[in-house]
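Listed here are the chains, written in short residue letters.
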Amino acid sequence: MKLFRYVSLAFLVASISACAGSETSSDSSSSSSSGTDANLSGKITIDGSSTVLPIAEAMAEEFQAANSDVKITVGKSGTGGGFKKFCAGETEISNASRPIKQKEIDLCAENNIEYIEVPVAYDALSVVVNKDNDWAQCMTIDELKTAWEKAAQGKISKWNQVNSEYPDAPLTLYGPGTDSGTFDYFNEAITGEEGSRGDFATSEDDNTIVRGVAGDKNAMGYFGYSYYEENKDSLKAVQIDGGDGCITPSDATVLDGTYSPLARPLFIYLSKAAMDRPEMKSFAEFYLDPKNKELVAEVGYFPMPDDIYGKALARAQEGKTGTAFPGGKTVGVKLSDVL
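### Topic: the overall build of the protein
Within the protein, the secondary structure is distributed over 12 helices and 14 strands. Carbon together with sulfur atoms contributes 45% to the accessible area of the protein, which is approximately 13,000 Å² in total.

### Focus on the nonpolar core
In terms of nonpolar packing, the biggest core is built from 89 residues, with Trp 159, Met 220 and Leu 270 touching the most fellow members. The biggest single contributor to this core is helix 1 (residues 53–66), with 7 residues. Once you skip the residues sitting within four places of it in the chain, Leu 270 turns out to touch Phe 86, Glu 92, Ile 93, Glu 114, Tyr 115, Ile 116, Val 118, Met 275, Met 280, Ala 284 and Ala 316. Core analysis: the second largest hydrophobic core is formed by 11 residues, Cys 87, Ile 113, Phe 267 and Phe 325 among them.

### Remarks on the pairing of strand 8 (residues 172–176)
Counting buried positions along strand 8 yields 4 of 5 residues, so the element is predominantly enclosed. Pairing analysis gives 3 bridges linking strand 8 to strand 10 (residues 219–223), with the strands arranged parallel. Within strand 10, the position partnered with Leu 173 by the bridge is Met 220.

### Let's talk about the pairing of strand 3 (residues 70–75)
Taken across its 6 residues, strand 3 has 5 buried, putting it largely inside the fold. Note: strand 2 (residues 42–48) against strand 3, 5 bridges, orientation parallel. What sits directly across from Ile 44, in strand 3, is Ile 72. Taking the sense of rotation as the criterion, the β-α-β connection linking strand 2, helix 1 and strand 3 turns out right-handed.

### Let's talk about the state of the cysteines
Simply put, disulfide is the name for a covalent bond between the sulfur atoms of two cysteines. All chains considered together, the criterion is met by 2 disulfides. Here Cys 87 is linked by a disulfide to Cys 108, with a sulfur-sulfur distance of 2.0 Å. Torsion about the S-S bond of the Cys 87 and Cys 108 cystine: about -70 degrees, corresponding to left-handed handedness. Here the residue Cys 87 occupies a position in the loop between helix 2 (78–86) and strand 4 (93–96), and Cys 108 occupies one in helix 3 (residues 102–110), the gap between them amounting to 21 residues. Disulfide pairing places Cys 138 opposite Cys 246 at an S-S distance of 2.1 Å. Every disulfide takes its handedness from the sign of the S-S torsion; for Cys 138 and Cys 246 that torsion is -95 degrees, giving left-handed. With Cys 138 in strand 7 (residues 138–140) and Cys 246 in strand 13 (residues 246–247), the pair connects residues that are 108 residues apart, well separated along the chain. Cysteine pairing in the protein follows 1-2, 3-4, where each cysteine in a disulfide is numbered by its order in the sequence.

### Observations concerning the sheet that holds strand 6 (residues 126–130)
Remark on secondary structure: sheet strands pair via backbone hydrogen bonds, oriented parallel or antiparallel. As summarised here, the arrangement of the 5 strands in space is 9-8-10-6-11, forming an open sheet in which the pairing is mixed. With one partner strand each, in any of the chains shown, strand 9 (201–203) and strand 11 (235–237) form the two edges of the open sheet. Averaged over neighbouring strand pairs, the angle between their axes works out to 25 degrees when direction is ignored. The sheet strands contacting helix 4 (residues 141–148) are strand 6, strand 8 and strand 10, and the helix crosses strand 10 at an angle near 105 degrees. Sitting on the sheet, helix 6 (residues 206–214) touches strand 6, strand 8, strand 9, strand 10 and strand 11, and the angle it makes with strand 10 is about 155 degrees.

### Some words on the packing of helix 4 against helix 5 (residues 181–191)
The interhelical angle for the contact between helix 4 and helix 5, taken along N-to-C directions, is 120 degrees, at an axis separation of 9 Å. In terms of axis orientation, helix 4 runs oblique to helix 5. Counting all contacts with helix 4, which are made through Ile 141, Leu 144, Lys 145 and Trp 148, the residues of helix 5 involved are Phe 186, Ala 189, Ile 190 and Thr 191. Considered class by class, the residues forming the contact of helix 4 with helix 5 number 6 nonpolar, 1 polar and 1 charged.

### Overview of the sheet that holds strand 12 (residues 239–241)
Ordered in space as 7-12-13, the 3 strands form an open sheet in which the pairing is mixed. In this open sheet, the two edge strands, each paired with only one partner strand, are strand 7 and strand 13. Sheet analysis places strand 7 next to strand 12, joined by 3 bridges and oriented parallel. In the strand pairing of strand 12, Thr 140 is matched with Asp 241.

Procedures and definitions
- Residues numbered from 1 in each chain as written.
- Predicted model: local features only at pLDDT ≥ 70, side-chain atom pairs only at ≥ 80, totals over all residues.
- Heavy atoms only, no water.
- Helix = DSSP H or I, 4+ residues; strand = E, 2+ residues; numbered from the N terminus.
- Areas by Shrake-Rupley, 256 points an atom, 1.4 Å probe, with all protein chains shown as cover.
- Core = buried A, V, L, I, M, F, W, Y, C linked by side-chain atoms within 4.5 Å.
- Buried < 20%, exposed > 50% of the residue type's maximum accessible area, 1.4 Å probe, protein only.
- Contact = heavy atoms within 4.5 Å.
- Pairing = 2+ DSSP bridges.
- Right-handed = clockwise from strand over helix to strand, strands pointing away.
- Disulfide = S-S within 2.5 Å.
- Axes fitted to C-alpha atoms, helices over the stretch in contact; angles between N-to-C directions.
- Parallel < 35°, antiparallel > 145°, perpendicular 65-115°, else oblique.
- Nonpolar A, V, L, I, M, F, W, Y, C, P; charged D, E, K, R; others polar.

All we've got here are geometric facts, nothing functional implied.
Here is the structure:
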């Protein structure tokens, strides 16, 4: 696991709900901070968001190190793909980079799947360009909208159509697929639409987007901060001007709330029925224990304040079901207002 600088922060710009395959199995020889129980055994299946994937893998590795008879598998079929499996009763935990949508709520209800929605971290959704791009240092929300909105399809194909000061060069776009919660959140924050233009290279695997942008001087893409942090030698993060000047995604700008509107909460959804199992309850408590939040920072995301973890843990232990985000919107919502 690549180690990143630990940060402790109090982020004020987000809310609580759900996010979105290859499958990996997590094992580790290191010891966990808590959650040790020699009598625990069983299997926990996790799927969903590729953004939340690194956090889920880190938590699974550490938990299994102290509970070797518990088998945890973590998939990455995207937030939407994860909810399809979760609401069909195929998984116990669904990773999500946006709240659960009404159609997913209805699907869970049809299958009598009750869920507990808890936030686990903050993310700074990052817009990236090639390392050799020397023109797109900072972009406004309007410029990003011009490049990505539905009306751009078949029309906006060069950088100078986004900004007349940019070069007359092809605009190549890479982004998550429609099953991704990152795709949904980006469009909620940037285009203001359900979806975006469809003529760009898509993948539910963020590493594919990394390779696409890194290999094309004229490319632009977006994904969770962790994937930028791990690939900053080959990518450049675009500063975002949300109306108050150019802001770089970082722990500091997440802390002070200035990286707006692309700072967001990340979630896991717990099966209420599965929470009756000792291994599932213990893993959820381990995941939300503030003592283990350094694992969030180690994989490149931003831990929540201890009081928010405490409220999320209480929500899980009480078995409080449902979503705090009717309509699935989180832009501009504070977790402290909904927990």
